[in-house]
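The primary structure of each chain is shown beneath.
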Amino acid sequence: MKKIEGKYKFALAILILYAILMAIIFGPRIINGKQQTYLLIGSSAKWKYDGDKWRDFTTDDISLYAWKNYDIYINQKKFGNYQVTYSEKKWYIFENDKTPVNYQGSFLGIKSNKGYHVGAFEEEDLEESDQIYLNQIYQENGLKENQKTTDAYKVSFDIDGDQNQETIYVLSNLFPNDFVPSTVFNFVFIVDNKKVQTIYKMTDAFTNERNHCKIGLQYLIDVDDDSKYELILNCKYYSTMGSCAMMYQKKGANYRRIKACKTVQNAL
Ligand SMILES: [Ca+2]
Ligand SMILES: [Ca+2]
């Protein structure tokens, strides 16, 4: 009898040990659940991530933002945690007691069950020493050197968290007022340790100019708390024809698009 009792005790001890081990291994995953992140990028985009991939909000997703609390950033800087509503392509924000709050500048709203970081950056003017990279890009795309541009700036930022700053370049000659290029272009590329990597490019005949949007770097956000910043590019169509946003992420050595530009939000 004693022998059988001993066997039971042993089996029970093994079971308890097994349960503890499983709780240690899988417990945090069950508690944390899947990542859910919502991004409201001005009037250009409303995105959601639900542990799988980034998607645009559907019309049913109004419950994800109407009168919900979001962390609000204005011009890249934390503004507070407010309730939001969206009307006529503009975000309105409110205290929890529904007192409206005024803001001026570019709007970003984030709600996430995971950590995230919004990187603050400045657009810097290009210098003579940058021309070598610009000409390399022009050459690779069959363009003459020293192109006239309507936008040309760079941003210095440690995107991949290796303690060294990369330089992001943005070039566009779209919608010029005082010159007529034969080819219109948009380029966003990164120079990391003198190595040039193209993130986004578009070239087309000038006659097709109005079919395209003008690219810009809008936000650097680490959306998944892995210390590597995702790039959010904004593309503005001519005049009041709207804009859209897209997101790029570094995977291994390369940057790839993880959220495409949706459709143009045409003005009335
Ligand atoms: Ca870096
Ligand atoms: Ca990241």
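Every chain begins its residue count from 1, and numbering advances along the sequence as written. In the order they appear in the text, chains get letters beginning with A and ligands get numbers beginning with 1. Residues qualify for local features only when their pLDDT is at least 70, as the model is predicted, and side-chain atom pairs are given and counted only at 80 or more; totals for whole chains, interfaces and linings, by contrast, use all residues.

**Focus on the overall build of the chain**
Step number 1: Secondary structure elements are defined from DSSP: runs of H or I of at least 4 residues count as helices, runs of E of at least 2 residues count as strands, and each element is numbered from the N terminus. When its secondary structure is counted, the chain shows 2 helices and 17 strands.
Step number 2: Radius of gyration here uses only the C-alpha atoms, and the compact-globule reference equals 2.2 Å multiplied by the residue count raised to the power 0.38. Taken over the C-alpha trace, the chain has a radius of gyration of 24 Å; the compact-globule value for 268 residues is 18 Å, which it surpasses by more than 25%.
Step number 3: In terms of overall dimensions, the chain has C-alpha extents of about 100 × 50 × 30 Å along its principal axes.
Step number 4: In this scheme every C-beta is placed from the backbone, and a residue whose C-beta has 20 or more other C-beta atoms within 10 Å is buried, one with 12 or fewer is exposed, and one in between is partly exposed. Buried residues in the chain amount to 25% of all 268 residues.

**Remarks on the domain arrangement of the chain**
Step number 1: Throughout, the edges of the domains are those of an automatic or database domain assignment. Segmentation of the chain into domains returns domain 1 (1-33), domain 2 (37-113) and domain 3 (128-259).
Step number 2: Once you take the C-alpha centre of each, domain 2 and domain 3 turn out to be 26 Å apart.
Step number 3: Whether two residues are in contact depends on their C-beta atoms, placed from the backbone: they are in contact if these lie within 7 Å. Counting residues at the interface gives 7 residues for domain 2, matched by 10 residues for domain 3.
Step number 4: Counting only elements with at least two residues in the side of domain 2 that touches domain 3, the list comes to β1 (37-41) and β2 (45-49).
Step number 5: Gly is placed with the polar residues, together with every amino acid not listed as nonpolar (Ala, Val, Leu, Ile, Met, Phe, Trp, Tyr, Cys and Pro) or charged (Asp, Glu, Lys and Arg). Here the residues of the side of domain 2 that touches domain 3 sort into 5 nonpolar, 2 polar and no charged.

**Brief notes about the pairing of strand β8 (residues 107-112)**
Step number 1: In terms of strand pairing, β1 meets β8 through 5 bridges, oriented antiparallel. Its bridge partner lying in β8, Ile41 is registered against Leu108.
Step number 2: Bridge count for strand β4 (residues 68-74) against β8 is 4 bridges, and the pairing is antiparallel. Across the sheet, the residue bridging to Tyr73 is Leu108, located in β8. Any two strands between which DSSP finds at least two bridges are classified as paired.

**A closer look at the sheet that holds strand β14 (residues 214-222)**
Step number 1: Strands sit in the order β9-β14-β15-β16-β17 across an open sheet of 5 strands; the sheet is antiparallel. At either margin of the open sheet sits one strand with a lone partner, and together these are β9 (117-119) and β17 (254-259). Recorded for the sheet is a direction-independent mean angle of 35° between the axes of neighbouring strands.
Step number 2: Relative to strand β15 (residues 230-236), β14 runs antiparallel, the two sharing 7 bridges. Within β15, the position partnered with Tyr219 by the bridge is Ile232. Lines fitted to the C-alpha atoms define the axes, with helices restricted to the stretch that makes contact. Angles between their N-to-C directions range from 0 to 180 degrees.

**Remarks on the nonpolar core**
Step number 1: Formed by 52 residues in total, the largest nonpolar core has its most connected members in Val188, Leu231, Ile232 and Leu233.
Step number 2: The greatest single-element share of this core, amounting to 6 residues, is contributed by strand β12 (residues 183-192).
Step number 3: Shared between two domains, this core takes at least three residues from each, and those domains are domain 2 (37-113) and domain 3 (128-259).
Step number 4: In this structure, Ile232 is in contact with Ile41, Gln218, Tyr219, Ile221, Ala245 and Met247, ignoring residues within four places of it in sequence. Note on definitions: a nonpolar core is a set of buried residues drawn from Ala, Val, Leu, Ile, Met, Phe, Trp, Tyr and Cys, linked by C-beta atoms within 7 Å.

**Points about the pairing of strand β11 (residues 166-172)**
Step number 1: Burial within β11 is extensive, with 5 of its 7 residues counted as buried.
Step number 2: When strand β10 (residues 151-157) meets β11, the two strands line up antiparallel, connected through 7 bridges. If you follow Val155 over to β11, its bridge partner there is Ile168.

**Overview of the environment of Asp160**
Step number 1: Relative to the helices and strands, Asp160 resides in the loop between β10 and β11.
Step number 2: Assessed through the 17 C-beta atoms surrounding it within 10 Å, Asp160 is described here as partly exposed.
Step number 3: As for Asp160 and Asp125, which are separated by 35 residues in sequence, their C-alpha atoms are 23 Å apart.
Step number 4: Each residue touching Asp160, except ones within four places of it in the same chain, is listed here: Lys228 and Lys250.

**A few points about the environment of Gln197**
Step number 1: Relative to the elements of secondary structure, Gln197 occurs in strand β13 (residues 195-205).
Step number 2: Taking C-alpha positions, Gln197 is 9.7 Å from Ala253, a pair spaced 56 residues apart along the chain.

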